[in-house]
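The chain contents come next:
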Amino acid sequence: AKQQGRSQYQFYSPEINTQLQERLTLENELHGALERNEMVVYYQPLIDLHSGQITAVEALIRWQHPTLGMISPAKFIPIAEANGAIVQIGEWVLRTACAQNRAWQLAGFTPIRMSVNLSARQFEQPYLVEVINQILEETELQASNLELEVTESFLMGNIERSIKTLKQLREVGIWLALDDFGTGYSSLSYLKRFPVNILKIDRSFVQDVVSNPDSAAVTDAIIALAKSLRLSITAEGVETQEQLDYLKMQGCDEGQGYYFSRPVPAEIIAPMLQKISQQ
Ligand code: C2E
Ligand code: CA
Ligand code: CA
Ligand code: CA
C-alpha cells in the first residue's frame, strides 16, 4: 500500500503535471488550429545521390501557435492521432502539398515527387483512396508526382487489409515508401508482400553509420535487401559529407537530411528546383 501511495505521489509530481498540462493545452487548441490558419507545411529536399539533383520533397507539418511558438509535429501528431484530428489535418497536408507541387510545375520547374506522411488513422479510413483521387483531381497533379510514406508498424496492424489498400494506391500510380525502415517489426517475410517502391533507412542508423560498425552493418543489410527486392533506397538524416560518401559507396539511391537542407517553406525550395529549359 505504501508502494502504491508513493507511485501515486510520483504521478502528481510537478514535472509530470506540467507535461500533462501541456498536452491538455495542445489537445484543446488543436481543434480549430486549421481554421485559424496556424498550420503550415515545410518541405525538405530528397537528393538523387548520382546526379545531385532534387528528385522529391517531403512535406512536414508545423504548428505556429500564437503564444507557444513553433510546435514540432513530434509533439502534436501523436495527440492528433489519439483524438482523431489527424484525419482532417492529414487531408489538409495532402491537399496543400499536392497544390504546391502542381504550382511548381506550372511555374516551369521540372516535375518532382511530393512525399506525404500518412498516419495509421488516415490509412484506416475506408475512403482513403477516393479522398486521395479527389485531391489529385482537384489540384491537377499526376499520381506519379505523389509519394505516400507509411510505416511498417501500422501496416502490421492488419496485414491483409494493408496490402489491399497499398495495392489500390499503387494502381492509381502513386509511389509508396516504407518510412523509418529498420526500427519497426522485423517483418522481412512481409516486406515482399507489401507493394512498396522505396525503403527509407531510419535516421538512427545513418546518424552513426561512420562511427558505429553495427549501424553500418544494418545500413548495408537494408541497402542489399532493397536491391534484391528491386526497391529504391533513401537514407534519412544525412548530416555530414562522411555519411554521404559512405551511403553513395554502398549504392544508396537518394539522400535527405540537414547536409542538403533542413525542412523549409515552399519559397525557399523553388530556387533549388530545375527549370525545364535548363535540362
Ligand atoms: P519523419 O517522417 O521520420 O520525418 C523526418 C524527420 O526528421 C523530420 O522531423 C525532419 O525534420 C527530421 N530530419 C530530417 N533530416 C534530418 C537531419 O539531418 N538531422 C536530424 N536531426 N533530423 C532530420 P519533423 O519535421 O520534426 O517531423 C517529425 C515527425 O512528425 C515525422 O518524422 C513524421 O513522423 C511526423 N510528421 C510530420 N509531418 C507529418 C504529417 O503531415 N503527417 C503525419 N502523419 N506525420 C507527420
Ligand atoms: Ca517521413
Ligand atoms: Ca522517417
Ligand atoms: Ca521518424
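Each remark here, short or long, concerns the structure printed above.
Quick summary incoming for the structure in this document. (Residues numbered from 1 in each chain as written. Chains lettered and ligands numbered in written order. Predicted model: local features only at pLDDT ≥ 70, side-chain atom pairs only at ≥ 80, totals over all residues. Heavy atoms only, no water.)

Moving on: the site of ligand 1. Among the 21 residues in the neighbourhood of ligand 1, the closest are listed as Arg62, Asn117, Asp179, Glu239 and Tyr258. Arginine 203 places a polar side-chain atom, nitrogen or oxygen, 3.2 Å from a nitrogen atom of ligand 1. Taking tyrosine 258, its main chain carries an N or O atom lying 2.8 Å from an oxygen atom of ligand 1. Notes on ligand 1: free accessible area 800 Å², of which the protein chains cover 83%. Spatially, ligand 1 is embedded in the largest pocket. Taken together, the elements giving at least two residues each to the shell around ligand 1 come down to strand 2 (54-65), helix 3 (73-83) and strand 6 (175-181). Top element by residues in the shell around ligand 1 is strand 2. It accounts for four residues. (Near = heavy atom within 4 Å. Polar contact = N/O pair within 3.5 Å; in protein donor to acceptor, adjacent residues only side chain to side chain. Areas by Shrake-Rupley, 256 points an atom, 1.4 Å probe, with all protein chains shown as cover. 1 Å grid on protein atoms, 1.4 Å probe; cavity = no way out; pocket = protein on both sides within 12 Å on 5 of 7 lines; lining within 4 Å. Sits in = over half its atoms within 2 Å of the grid points. Helix = DSSP H or I, 4+ residues; strand = E, 2+ residues; numbered from the N terminus.)

Attention now goes to the coordination of the calcium ion (ligand 3). Taken together, the protein ligands of the calcium ion (ligand 3) are Asp179 (OD), Asp180 (OD), Glu236 (OE) and Glu236 (OE), with distances of 1.9 to 2.9 Å. Between consecutive donors of the calcium ion (ligand 3), the numbers of intervening residues give the motif D-D-x55-E. If you look at the calcium ion (ligand 3) and the calcium ion (ligand 2), they sit 3.7 Å from each other and are both ligated by aspartate 179. Look at aspartate 180 and you get partly exposed, because its relative accessible area is 27%. (Donors = N, O, S within 2.8 Å, 3.2 Å for Na, K, Ca; no water. Buried < 20%, exposed > 50% of the residue type's maximum accessible area, 1.4 Å probe, protein only.)

The next subject is the coordination of the calcium ion (ligand 2). Only Glu58 (OE), Asn117 (OD1), Glu149 (OE) and Asp179 (OD) from the protein coordinate the calcium ion (ligand 2), and they sit 2.1 to 2.3 Å from it. Positions of the donor residues of the calcium ion (ligand 2), expressed as sequence spacing, correspond to E-x58-N-x31-E-x29-D. You can call glutamate 58 buried: its relative accessible area is 5%.

Taken as a whole, the largest pocket encloses approximately 1,000 Å³ of empty space. What lines the largest pocket is a set of 37 residues, among which Glu58, Leu60, Pro73, Asn117 and Asp179 lie closest to the centre. Broken down by secondary-structure element, the contributors of at least two residues to the lining of the largest pocket are strand 2, helix 3, helix 4 (86-106), strand 4 (113-117), helix 5 (120-123), strand 5 (146-151) and strand 6. Its residues placed into classes, the lining of the largest pocket shows 16 nonpolar, 10 polar and 11 charged. (Points joined across faces, edges and corners; volume = space filled by probe spheres on them. Nonpolar A, V, L, I, M, F, W, Y, C, P; charged D, E, K, R; others polar.)

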